[in-house]
Amino acid sequence: TDAERRTALFGKTVVAIDSGKLDQALAETEKQYAIAQKSNDAAGMTGDLQLKANILLEAGKYDAAKQAFEQALKTTKDSGLSQPVKDNAERFSHYNFARVAVAKKDLATAKTETETFRKGAETAKNANQLKQAHELAGRVALEEKNYDAAISELGQANQQNPDVLYLTAWAYKA
């Protein structure tokens, strides 16, 4: 089935990423997207685009990552998915855009996107997204070399996220 093929391709994507073969991971992600696109699976296409964007972000291809995040958001907004799903995608796009801005060292944009995301998470009363907002604020503080603020913000982020733990260690080391 298509679902089984997508699952197998995702497994190959994970192995490629874990092996540092990001170009291969992107190729596998494109195959997943093609399967989802064939059946007009908006949720699947959105997930594939977000995965692609995260791989591109990791590869240092920041503009391409932002474009993939934007395409993921558009795919969701233009779909027949429910309004709460669309609202969440809109809110979460600010998290993704903030991560791209931090990577590009565009801290003004990162702060704006982080604040927009935080306000949306507060309004939605989404505890997990509030933790992600603290993660973003911690990332910005690290880039500003404000290590005490980074430690404070990251301490309020998801303590089960290995990235948060790594960033916290980095802040303490500095």
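Shown above is the structure to which this text applies.
Caption draft 1: Layout of the overall build of the protein chain. Along the backbone of the protein chain there are 9 helices and 0 strands. In the protein chain, the order of α-helices and β-strands from amino to carboxyl end is α-α-α-α-α-α-α-α-α. Taken against the 2.2 N^0.38 rule, which gives 16 Å for 174 residues, the C-alpha radius of gyration of the protein chain at 17 Å falls within 12% of a compact globule. Judged by the C-alpha coordinates and their principal axes, the protein chain covers about 50 × 40 × 30 Å.

Caption draft 2: Molecular detail of the side chain of Thr76. Looking at where Thr76 falls in the secondary structure, it is placed in helix 4 (residues 62-77). Residues contacting Thr76, with those up to four places away along its chain left out, are Thr46, Leu81, Val85, Lys86 and Ala89.

Caption draft 3: Spotlight on the nonpolar core. Core analysis: the biggest nonpolar cluster contains 14 residues, and Ile55, Leu56, Ala65, Phe69 and Val100 have the highest contact counts within it. Those elements that provide at least two residues to this core are helix 2 (22-38), helix 3 (42-58), helix 4 and helix 5 (83-103). By residue number, the principal contributor to this core is helix 3, which donates 5 residues. Look past the residues within four positions of Ala65 in its chain and what remains in contact with it is Ala53, Leu56, Leu57 and Val100. Among the nonpolar cores identified, the runner-up in size contains 9 residues, and Leu142, Ala150, Ile151 and Leu167 belong to it.

Caption draft 4: Looking closely at the packing of helix 7 (residues 127-143) against helix 8 (residues 147-155). At their nearest, the axes of helix 7 and helix 8 sit 8 Å apart, and the two run at 165 degrees to each other. When the axis of helix 7 is compared with that of helix 8, the two are roughly antiparallel. In terms of crossing hand, the pair formed by helix 7 and helix 8 is left-handed. Contacts between helix 7 and helix 8 involve His134, Glu135, Ala137, Gly138, Ala141 and Leu142 on the former and, on the latter, Tyr147, Ala149, Ala150, Glu153 and Leu154. Class assignment of the residues belonging to the contact of helix 7 with helix 8 gives a composition of 7 nonpolar, 2 polar and 2 charged.

Caption draft 5: Main features of unusual backbone geometry. Its identity is not glycine, yet Lys105 carries a phi of approximately 65 degrees, on the positive side. By secondary structure assignment, the location of Lys105 is in the loop between helix 5 and helix 6 (107-124). Although it is not a glycine, Lys145 sits at a positive phi angle of roughly 60 degrees. Looking at the secondary structure, you find Lys145 in the loop between helix 7 and helix 8. On the basis of relative accessibility, which here comes to 61%, the residue Lys145 falls in the exposed class.

Caption draft 6: Structural view of the pattern of salt bridges. Evaluated as defined, the whole model comprises 17 salt bridges. Put simply, Lys38 and Asp2 hold a salt bridge, and the shortest N to O gap is 3.5 Å. Taken together, the residues span a long stretch of sequence, with Lys38 in helix 2 and Asp2 in helix 1 (residues 2-18) at a distance of 36 residues. Look at Asp2 and you get partly exposed, because its relative accessible area is 22%. Notably, a salt bridge pairs Lys104 with Asp63, separated by 2.6 Å at the nearest N-O pair. Taken together, the residues Lys104 in the loop between helix 5 and helix 6 and Asp63 in helix 4 connect sequence positions 41 residues apart. Salt bridges sharing common partners tie together Asp2, Arg5 and Lys38.

Caption draft 7: Geometry of helix 9 (residues 162-173). Over its 12 residues, helix 9 extends 16 Å from the first C-alpha to the last, a length consistent with the 16 Å expected when each residue adds 1.5 Å. Buried residues of helix 9: Val164, Leu167, Thr168 and Ala171, and no others. The arc that holds the buried residues of helix 9, viewed along the axis, is 105 degrees, so those residues lie on one side. Seen from the open side of helix 9, the exposed residues pointing more than 90 degrees away from its buried face are Pro162, Tyr166 and Lys173. Contacts from the buried residues of helix 9 go to helix 7 and helix 8. Its side-chain oxygen 2.8 Å from the backbone nitrogen of Asp163, Asn161 forms the N-cap of helix 9.

Conventions used here
Residues numbered from 1 in each chain as written. Predicted model: local features only at pLDDT ≥ 70, side-chain atom pairs only at ≥ 80, totals over all residues. Heavy atoms only, no water. Helix = DSSP H or I, 4+ residues; strand = E, 2+ residues; numbered from the N terminus. Rg over C-alpha atoms; globule rule 2.2 N^0.38 Å. Contact = heavy atoms within 4.5 Å. Core = buried A, V, L, I, M, F, W, Y, C linked by side-chain atoms within 4.5 Å. Buried < 20%, exposed > 50% of the residue type's maximum accessible area, 1.4 Å probe, protein only. Axes fitted to C-alpha atoms, helices over the stretch in contact; angles between N-to-C directions. Parallel < 35°, antiparallel > 145°, perpendicular 65-115°, else oblique. Left-handed = near helix turned anticlockwise from the far one by under 90°. Nonpolar A, V, L, I, M, F, W, Y, C, P; charged D, E, K, R; others polar. Salt bridge = Lys/Arg side-chain N within 4 Å of Asp/Glu carboxyl O. Expected span 1.5 Å × (residues − 1). Arc of directions from axis to C-beta. Polar contact = N/O pair within 3.5 Å; in protein donor to acceptor, adjacent residues only side chain to side chain.

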